[in-house]
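Here's the letter readout for the chains.
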Amino acid sequence: MILADGKRFLLSGKSYGYAMAVTETGFLQHLHYGGKITERDLDYLFAIGATVAPHKDDFNADMAFDSMLGEYGFYARGDYKEPTAIFERRDGASMTRLRYRAYRTQKGAPAVAGMPHARSGGETLIITLKDDFSEIEVDLYYTASDDSDVLVRNAVVRNTGREAVMLKKAFSFRAELPNGSYRMMRLAGTWAQERIPEIAPIAHGVTRLHTLRGASSHNTNPFMGILTEGCTEERGECYGVQLVYSGAFALTAEWCKNGPLTLQGGINDVGFGWQLNGGETFVTPQTLLTYSYEGLGGMSRSIHDFLREKMIDPAYVYRQRPIVVNNWEATYFGFDNEKLFPIIDEAAKLGIDTFVLDDGWFGARRNDRAGLGDWFVNEDVLKGGLKTVIDRCKKNGMKFGLWFEPEMVNEDSDLFRAHPDWAICKEGVEPCRCRNQLVLDFTRKEVVDYVFGTVGKVLKENDISYVKWDMNRNITECFTAALPAERQGEFMHRYILGVYDLAERLTGAFPNVIFEGCAGGGGRFDAGMLYYFPQIWTSDDTDGYERAKIQWGTSVCYPLSAMSCHVSVCPNHQTQRTTPFQTRGNIASLGAFGYELDLSKMTDEEKALAKLQVEAYRRTAELVLKGDLYRLKNPLEGDYFCMSVVSKDKSEAYVVGERTHGNPCDYNQYLYLRGLDADGLYEIEELKITASGKALMNAGLLLPRLPDFGSWAWHLKQVR
């Protein structure tokens, strides 16, 4: 709901209120972001805000901006907090002071051309600010929905003059929280250890989360959680800040003693510069702000619902995902028809419905030193081409999927020999190499067009229902010959716009193909990519213990259905650890389920277990797609991991847990379920017990006695 009269503005979601007002000097002032308030509270909030807002008769009024809670940060004009944007004019001046000019509202969420965005619903408030010193206007967008606690923010910068302006910074939003004791949660990590939650007090000054890698990265996810004092998984106030962006980003939290907490973020401003000519606009990525008074769990469930209902492709978001087997860890590059066929045949016997052929099927690709960019089948490897493998799948009643790495090129490839300038590089500078490959220059339309044509040709000529889109290195050099020197600062953003363009065109041209995102594992797991790809390979680390931690952290702001989770062989290829086959299956069942091993080499016992796992997953797939997630035991803080998924109507639940490490006398611990109907009666199939929701949530269940890495899976059904 949005209430606006040109002087005061109130946005309301399911549980939050967000208020602003125009001061007597014409500046847009933030008043409140938190629990719900009413229209009659605006006078009170405005009276409080007026004590720190600049007054028209104050000779030193400009210097008051530093204490005013502003909706958009100025630069070099009395607001000494980090600016939200910087506009540099021809004479080199860049001071800004933006005043309120107008507002308007519209039904639904605005489309953001060329970038992922909230698809529908709600109501949008657009507030226009005008700079006192230039011909720049800024439109601030706020989309609120009565049934959601997610507020969508972004900004559009418009040059209404004739002279070009250089944007040196263009963040998507600014949000202010009153002075208090806050902690920050970040999802940090590295390859094979992505999105591990870290919580720490917010220190004096600026805390900055960012990446310059050209992708949202394994190291720092584009999410920031802000926790009030006493906030836990189940109770207390917290806020989520999540960019709908997949490129180089920055999120900042700025706090000064006795001052507010200022949150900002968007496209990374390091090295950024965008020439905005007269009459042009620059659109920033959307940001999702989430408020919860039900702790981190409540915040997560709000974000999950929003991503499923407003962001992920509606054609796939609630469609049961294929259960796949991928051949990568089974064969790596060492495959041919004879090695693939037994995997396919065994998969059919186990009830798996899709075989995915990974890297190595094209060009001269028999190792990671050649062939990238040459998207044509190597028939010396696959006799008869892809058709022979696809026919084998069809004979077994299965579908076929294929791996691509569209953004990359090997120097030993036909593509590079024909177009060496299409790789990101600077003439006269030896390029950085990673995994023996270079990155294609997706700032250039002809490069994106070529990749669309070659990848599209493979998809058009073959019966392919599943694509794994990989990206195995980050960007260096950050230079394109397609732009003049003064516009090289546009490179990073233009690159990700090229990625979005290709993703939009391929998913649009092949709507019956489900696309899975991947970037060396979880190196580009973000809300932007989920707009195009309904699921993303969570991590290259498939270890049954490490994955529990990775999936725990990922679930903070991404739904289970977005996580591709596979059972792999032991000793695990990443950690060399051996965990029970049952545990690997239970952990993988908390996502889009599949296998990453040579099925034909499994023992008879493993095959029998795998068949049961496939059958069991089909029972719980709807819960994984649609249910409410409750994180019950944190593997980062103790010796157990446990999550449960509860149906929206509370009629059923699925509980998965693992004992990660044994300590003497740590038995007789209790697990307290959450999210059930307190007055309902539930049967737990595996335990052969019946108890009320109230008893299961308040008295709890005794945790099973298990060895290290032992696990359990319980199915709850409401019987009354």
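Data block above holds the structure.
Keep in mind that what you see is a predicted model, and the values were worked out from it rather than measured. The numbering scheme is per chain: residues are counted from 1 as the chain's sequence reads. Predicted model: local features are reported for residues with pLDDT of at least 70 only, side-chain atom pairs are reported and counted for 80 or more only, and whole-chain, interface and lining totals are derived from all residues. Excluded from the side-chain calculation are hydrogens and water; included are all heavy atoms of the structure.

## Let's talk about the packing of helix α7 (residues 445–461) against helix α8 (residues 491–509)
Move 1: For the pair α7 and α8, interaxial distance at closest approach is 10 Å and the crossing angle is 30°. The orientation of α7 with respect to α8, classified from their angle, is roughly parallel. Handedness of the crossing formed by α7 with α8: right-handed. Within the contact between the two elements, α7 uses Val448, Asp449, Val451, Phe452, Val455, Gly456 and Leu459 and α8 uses Gly498, Asp501, Leu502, Arg505, Leu506 and Ala509. For helices, the fitted line uses only the C-alpha atoms of the stretch in contact; every axis is such a line through C-alpha atoms, and the angle between N-to-C directions lies from 0 to 180 degrees. Secondary structure elements are defined from DSSP: runs of H or I of at least 4 residues count as helices, runs of E of at least 2 residues count as strands, and each element is numbered from the N terminus. Here roughly perpendicular refers to angles of 65 to 115 degrees, roughly parallel to angles under 35, roughly antiparallel to angles over 145, and oblique to all remaining angles. Each crossing is labelled by how the near helix is turned from the far one, with a counterclockwise turn of less than a right angle marking it left-handed and a clockwise turn marking it right-handed. Any two residues whose heavy atoms approach within 4.5 Å are treated as being in contact.

## Focus on the pattern of salt bridges
Move 1: By definition, a salt bridge exists where a carboxyl oxygen of Asp or Glu is found within 4 Å of a side-chain nitrogen of Lys or Arg. Summed over the entire model, instances satisfying the criterion amount to 49 salt bridges.
Move 2: Across the salt bridge formed by Arg174 and Asp79, the nearest N and O atoms sit 3.0 Å from each other. With a gap of 95 residues between them, Arg174 in strand β10 (residues 165–177) and Asp79 in the loop between α1 (42–49) and β5 (85–88) connect regions that are remote in the sequence.
Move 3: Taking the relative accessible area as the measure of exposure, Arg174 reaches 1% and is therefore buried. The buried label goes to any residue with under 20% of its type's maximum accessible area, the exposed label to any with over 50%, and the partly exposed label to all in between, with areas taken from a 1.4 Å probe on protein chains only.

## Some thoughts on the side chain of Ser292
Move 1: One can find Ser292 in strand β20 (residues 287–292).
Move 2: In terms of polar contacts, Ser292 uses its side chain to reach the backbone amide nitrogen of Glu294, at 3.0 Å.
Move 3: Dropping the residues within four chain positions of it, Ser292 is found in contact with Gly236, Glu237, Cys238, Gly298 and Met299. Polar contact is defined as a pair of N or O atoms within 3.5 Å, subject to the rule that within protein one atom must be able to donate a hydrogen and the other to accept it, and that residues adjacent in sequence are counted only when both atoms are side-chain atoms.

## Thoughts on the packing of aromatic side chains
Move 1: Think of it this way: a Phe, Tyr or Trp ring, Trp meaning its six-membered ring, pairs with another when their centres are within 6.5 Å, and the plane angle makes it stacked under 30 degrees, edge-to-face over 60, tilted otherwise. As enumerated under the stated definition, the model contains 34 aromatic pairs in all.
Move 2: On the basis of an interplanar angle of 75° and a centroid distance of 5.1 Å, the ring pair of Trp361 and Phe362 is categorised as edge-to-face.
Move 3: Residue Phe362 is classed as buried on the basis of its relative accessible area, which comes to 0%.
Move 4: Taken together, the ring pairs connect Tyr16, Tyr18, Tyr33, Tyr142, Tyr239 and Tyr291 into an aromatic cluster.
Move 5: Here the basic side chain of Arg8 rests over the ring of Phe46, its NZ or CZ set 4.6 Å away from the ring centre. Definition used: whenever NZ (Lys) or CZ (Arg) falls within 6 Å of the ring centre and also within 35 degrees of the ring normal, the charge is taken to sit over that ring.

## Digging into the nonpolar core
Move 1: In this text, buried Ala, Val, Leu, Ile, Met, Phe, Trp, Tyr and Cys residues form a nonpolar core when linked through side-chain atoms within 4.5 Å. Counting 183 residues, the largest nonpolar core has Phe355 and Trp361 as its most contacted members.
Move 2: One finds Ala653, Leu676, Leu703 and Trp714 within the second-largest nonpolar core, a separate group that totals 21 residues.

## Quick look at the environment of Gln29
Move 1: Turning to its location among the elements, Gln29 is positioned in strand β4 (residues 28–35).
Move 2: On a C-alpha basis, the gap between Gln29 and Tyr100 in space is 9.7 Å, while along the polypeptide they are 71 residues apart.

## Topic: helix α10 (residues 546–554)
Every α-helix winds through 3.6 residues per turn, so residues three or four apart in the chain are directed the same way.
Move 1: Counting buried positions along α10 yields 9 of 9 residues, so the element is predominantly enclosed.
Move 2: Turning to α10, its buried residues are Glu546, Arg547, Ala548, Lys549, Ile550, Gln551, Trp552, Gly553 and Thr554.

## Here's the deal with the pairing of strand β26 (residues 466–469)
Move 1: Burial along β26 is two-sided: Tyr466 and Lys468 and Val467 and Trp469, pointing in opposite directions, are all buried.
Move 2: For two strands to pair, DSSP has to find at least two bridges joining them. Note that strand β23 (residues 399–404) and β26 share 4 bridges and pair parallel. Along β26, the bridge assignment pairs Phe404 with Trp469.
Move 3: Sheet topology places β26 next to strand β27 (residues 514–517); 4 bridges connect them, and they run parallel. Opposite Val467, over in β27, you have Phe515 as the bridge partner.
Move 4: Crossovers are marked right-handed if the path from the first strand over the helix to the second runs clockwise, as seen with the strands pointing away from the viewer. Between the parallel pair β26 and β27, the chain is carried across by α8, and the sense of this crossover is right-handed.

## Here's the deal with the sheet that holds β27
Move 1: Strand order in the closed barrel made by the 8 strands is β21-β22-β23-β26-β27-β28-β29-β30, with parallel pairing throughout. Mean inter-strand twist for the sheet, computed between neighbouring axes without regard to direction, equals 30°.
Move 2: The sheet contact formed by strand β22 (residues 354–357) and β23 spans 4 bridges and is parallel. Bridge pairing in β23 links Phe355 to Phe400.
Move 3: The strands touched by α8 within the sheet are β26 and β27, with β26 carrying the most contacts at an inclination of about 175°.

## Brief notes about empty space enclosed by the protein
Move 1: Here a cavity is any set of points on a 1 Å grid over the protein atoms alone where a 1.4 Å probe fits but cannot get out, and a pocket is any open set with protein on both sides within 12 Å along at least 5 of 7 lines; a residue lines the site when it has an atom within 4 Å of a point. Grid points are joined across faces, edges and corners, and a volume is the space filled by probe spheres set on the points. Enumeration according to the criterion identifies 7 cavities of 30 Å³ or more in this entry.
Move 2: Here the largest cavity is characterised by a volume of approximately 80 Å³.
Move 3: Estimated volume of the second largest cavity: approximately 60 Å³.
Move 4: Contributing to the lining of the second largest cavity are Asp313, Tyr316, Thr507, Phe510, Pro511, Val513, Ile514, Phe515, Tyr532 and Pro534.
Move 5: In the scheme used here, Gly and all other residues not listed as nonpolar or charged are polar, with Ala, Val, Leu, Ile, Met, Phe, Trp, Tyr, Cys and Pro taken as nonpolar and Asp, Glu, Lys and Arg as charged. When its residues are assigned to classes, the lining of the second largest cavity shows 8 nonpolar, 1 polar and 1 charged.

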